[in-house]
Amino acid sequence: MRRIGRRLAAAACAAVLTAAWAVPAWAGTWQQDEDGGWRYEEDGVWQTGWVQVDGIWYDLDAETGVWIQRPPVNRDTVCYLVENAVTRAGWYEHEDREMVYQVESVEKNRITVALKMETAPFEFTETAQVFEVSLRDKTAKAVTTKLVLDLYG
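Note that the structure is a prediction, hence the values are computed from the model and not measured.

Trainee: Please explain the sheet that holds strand E6 (residues 99–106) as it appears in this structure.
Mentor: Within a sheet, neighbouring strands are paired by backbone hydrogen bonds and run either parallel or antiparallel to one another. Read from one edge of the open sheet, five strands run E6-E7-E8-E9-E10, paired in antiparallel fashion. The open sheet has two edge strands, E6 and strand E10 (148–150), and neither has a second partner. Within this sheet the neighbouring strands show an average axis-to-axis angle of 35 degrees, counted without direction. Bridge count for strand E7 (residues 110–120) against strand E8 (residues 123–134) is ten bridges, and the pairing is antiparallel. Counted as the bridge partner of Thr 112 is Glu 132 from E8. Helix-sheet contacts for helix H2 (residues 78–89) involve E6, E7, E8, strand E9 (139–142) and E10, and the interaxial angle to E6 is about 130 degrees.

Structure representation (structure tokens):
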């Protein structure tokens, strides 16, 4: 009888400790609002600004959190849009070094973006690819391969 009591007490203690240490795991979720717009909630908070979900960047309105499906292409947005296009194309998926997208130049109808690789901690000096982004047709052309990526596709 004493063994059963001890076992029950140990099991109850383990259950209490498990419950005490359990932390709710919030997964981000997309929800459609009454007006048809999409918003993203993570950890119980509606997200705003640029948010990366499953490897793709989404521009969420700063005030409402509604997803801006076709953000304007400009100096502030172009790196996110080029990274999305490159990700959708399946390029540079399994690199062993960190990579960053940097605006190299801005002209009237074109923005040049360089994809740089980390050569030392926090140093991105090796260029993996350069993209010429057309502000007219919203595409990014890889300079070395001449392949064209749709920024919204």
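Trainee: Is there a simple way to explain the sheet that holds strand E1 (residues 29–32) in this structure?
Mentor: Pairing within the open sheet is antiparallel, and its three strands lie in the order E1-E2-E3. Only two strands of the sheet have a single neighbouring strand rather than two, namely E1 and strand E3 (45–46).

Trainee: Help me understand the environment of Val 133, please; the structure alone is not making it clear to me.
Mentor: Considering the arrangement of structural elements, one finds Val 133 in strand E8. The residues touching Val 133, leaving out its near neighbours within four places in the chain, are Val 73, Val 78, Val 82, Asn 109, Arg 110, Ile 111, Val 113, Thr 139, Ala 140 and Leu 151.

Trainee: How should the nonpolar core be read in this particular structure?
Mentor: Note that soluble globular proteins tend to have their nonpolar side chains buried in a common cluster. Counting residues in hydrophobic clusters, the biggest one holds 21 residues, and the most contacted among them are Val 73, Val 78, Val 82, Val 113, Phe 131, Val 133 and Leu 151. At the level of elements, H2, E6, E7, E8 and E9 are the ones that each hand at least two residues to this core. Top element by residues in this core is H2. It accounts for six residues. In this structure Val 82 touches Tyr 101, Val 113, Phe 131, Val 133, Ala 140 and Leu 151, once residues within four positions along its chain are discounted. Counting residues in hydrophobic clusters, the runner-up holds six residues, among them Val 53, Ile 56, Tyr 58 and Leu 60.

Trainee: So what exactly am I meant to see when it comes to the layout of surface pockets here?
Mentor: One way to see where empty space is left: roll a probe the size of a water molecule over the atoms. For the largest pocket, the calculated volume is near 300 Å³. The wall of the largest pocket is formed by 14 residues, among which Glu 83, Trp 91, Tyr 92, Glu 93 and Met 99 lie closest to the centre. Elements with a minimum of two residues in the lining of the largest pocket: H2 and E6. For the lining of the largest pocket, the element with the most residues is H2, which contributes three residues. Here the residues of the lining of the largest pocket sort into six nonpolar, three polar and five charged. Around the second largest pocket sit 15 residues that line it, and Trp 67, Gln 69, Asn 84, Arg 88 and Tyr 152 are the ones nearest its centre.

Trainee: Where do I start with the pattern of salt bridges in this structure?
Mentor: Close approach of charged atoms allows side chains with opposite charge to pair. The tally for this structure, following the rule as stated, stands at three salt bridges. Note that Arg 97 is salt-bridged to Glu 126, the shortest N-O span being 3.0 Å. With Arg 97 in the loop between H2 and E6 and Glu 126 in strand E8, this pair connects stretches of sequence that are 29 residues apart. Classification of Arg 97 as partly exposed rests on a relative accessible area of 30%. Overall, the relative accessible area of 35% leaves Glu 126 in the partly exposed class. Linking Arg 110 and Glu 132 is a salt bridge whose minimum nitrogen-to-oxygen distance equals 3.8 Å. You can see Arg 110 sitting in strand E7 and its partner Glu 132 sitting in strand E8, a full 22 residues away along the chain. On the basis of relative accessibility, which here comes to 31%, the residue Arg 110 falls in the partly exposed class. Members of the salt-bridge network, linked through shared partners, are Glu 107, Arg 110 and Glu 132.

Definitions and cut-offs
- Along each chain, the written sequence defines residue order, and numbers are assigned to residues from 1.
- In keeping with the model being predicted, local features are shown solely for residues with a pLDDT of at least 70 and side-chain atom pairs are shown and tallied solely at 80 or more, while totals for entire chains, interfaces and linings include all residues.
- Neither water nor hydrogens contribute to the side-chain values; these are computed over all heavy atoms in the structure.
- Two strands make a pair as long as DSSP finds a minimum of two bridges between them.
- Strands here are runs of E lasting at least two residues and helices are runs of H or I lasting at least four, both read from the DSSP assignment and numbered beginning at the N terminus.
- Axis geometry follows a simple rule: fit a line to the C-alpha atoms, using only the stretch in contact for helices, then measure angles between N-to-C directions, giving values from 0 to 180 degrees.
- Note on definitions: a residue-residue contact is assigned when non-hydrogen atoms from the two residues lie within 4.5 Å.
- We define the nonpolar core as a collection of buried residues of types Ala, Val, Leu, Ile, Met, Phe, Trp, Tyr and Cys that are connected through side-chain atoms lying within 4.5 Å of one another.
- The buried label goes to any residue with under 20% of its type's maximum accessible area, the exposed label to any with over 50%, and the partly exposed label to all in between, with areas taken from a 1.4 Å probe on protein chains only.
- Two kinds of site are reported from a 1 Å grid over the protein atoms alone, namely cavities, where a 1.4 Å probe fits but cannot get out, and pockets, open sets with protein on both sides within 12 Å along at least five of seven lines, and residues are called lining when an atom falls within 4 Å of a point.
- Grid points are joined across faces, edges and corners, and a volume is the space filled by probe spheres set on the points.
- Amino acid classes used here: Ala, Val, Leu, Ile, Met, Phe, Trp, Tyr, Cys and Pro are nonpolar; Asp, Glu, Lys and Arg are charged; the rest, including Gly, are polar.
- The rule for a salt bridge is simple: a side-chain nitrogen of Lys or Arg has to be within 4 Å of a carboxyl oxygen of Asp or Glu.

Everything listed here is a matter of geometry and, on its own, says nothing about what the molecule does.
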